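Below, each chain spelled out in residue letters.
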Amino acid sequence: KNGVFGDTEVVLAIFPSPMLYAGPREVQWHAKARLNGGATHYIVGRDPAGMKHPGTNEDIYHMWHGQRMLEMVPELASGLKLLPF
């Protein structure tokens with residue numbers, strides 16, 4: 001009990017999993033791994049799937065694609081409070 005959030009126990013932890021910027025599937029994997037680890041909230045940033053096309057150097061995915069993908073997966077959207085960043 002920390003006295004800030006009432007009777008809620010708050011744990012802030014580091015989840016040692018490198019971000020590889022490997023596209024929307026990686027965004028879903030990170031969210032699912034944290035859900036399995038007991039997380040209740042997940043901060044998902046802008047452009048977490050930020051891959052550039054090697055030939056044109058343009059983004060392959062839209063900058064909000066990772067957030068949209070998480071919102072489309074009912075298991076993740078209902079199990080985690082998604083916090084856009």
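Residue numbers restart at each chain and count upward from 1, following the sequence in its written direction. Since the coordinates come from a predicted model, pLDDT governs what is reported: local features require at least 70, and pairs of side-chain atoms require 80 or more to be given and counted, while whole-chain, interface and lining totals use all residues. As a rule here, side-chain values cover all heavy atoms of the structure and leave hydrogens and water aside.

Undergrad: Would you mind going over the pattern of salt bridges in detail, with residue names and values included?
TA: For this document, the term salt bridge refers to a Lys or Arg side-chain nitrogen within 4 Å of an Asp or Glu carboxyl oxygen. In total, this model carries one salt bridge according to the counting rule given. Two residues, Lys32 and Glu75, come together in a salt bridge whose shortest N-O distance is 2.1 Å. Taken together, the residues span a long stretch of sequence, with Lys32 in helix H1 (residues 24-36) and Glu75 in helix H3 (residues 74-79) at a distance of 43 residues. Per-residue accessibility, obtained with a 1.4 Å probe over protein chains only, is compared with the maximum for each type, and a residue is labelled buried under 20%, exposed over 50%, and partly exposed between these values. Taking relative accessible area as the criterion, Glu75 reaches 46% and is therefore assigned partly exposed. The helix and strand labels rest on DSSP assignments: H or I over at least four residues marks a helix, E over at least two residues marks a strand, and numbering proceeds from the N terminus.

Undergrad: So what's going on with the confidence of the model for the protein chain? Residues and values would help.
TA: The predictor attaches a confidence to each residue, and that confidence, scored 0 to 100, is pLDDT. Overall, the predicted model of the protein chain reaches an average pLDDT of 79, with 84% of residues at or above 70. Considering each helix and strand of the protein chain separately, the mean pLDDT is smallest for H3, with a value of 83, and largest for H1, with 86.

Undergrad: Explain unusual backbone geometry residue by residue, including any values.
TA: Of note in the backbone geometry, Asn57 takes a positive phi value of approximately 60° without being a glycine. If you trace the backbone, Asn57 turns up in the loop between strand E1 (41-44) and helix H2 (65-71).

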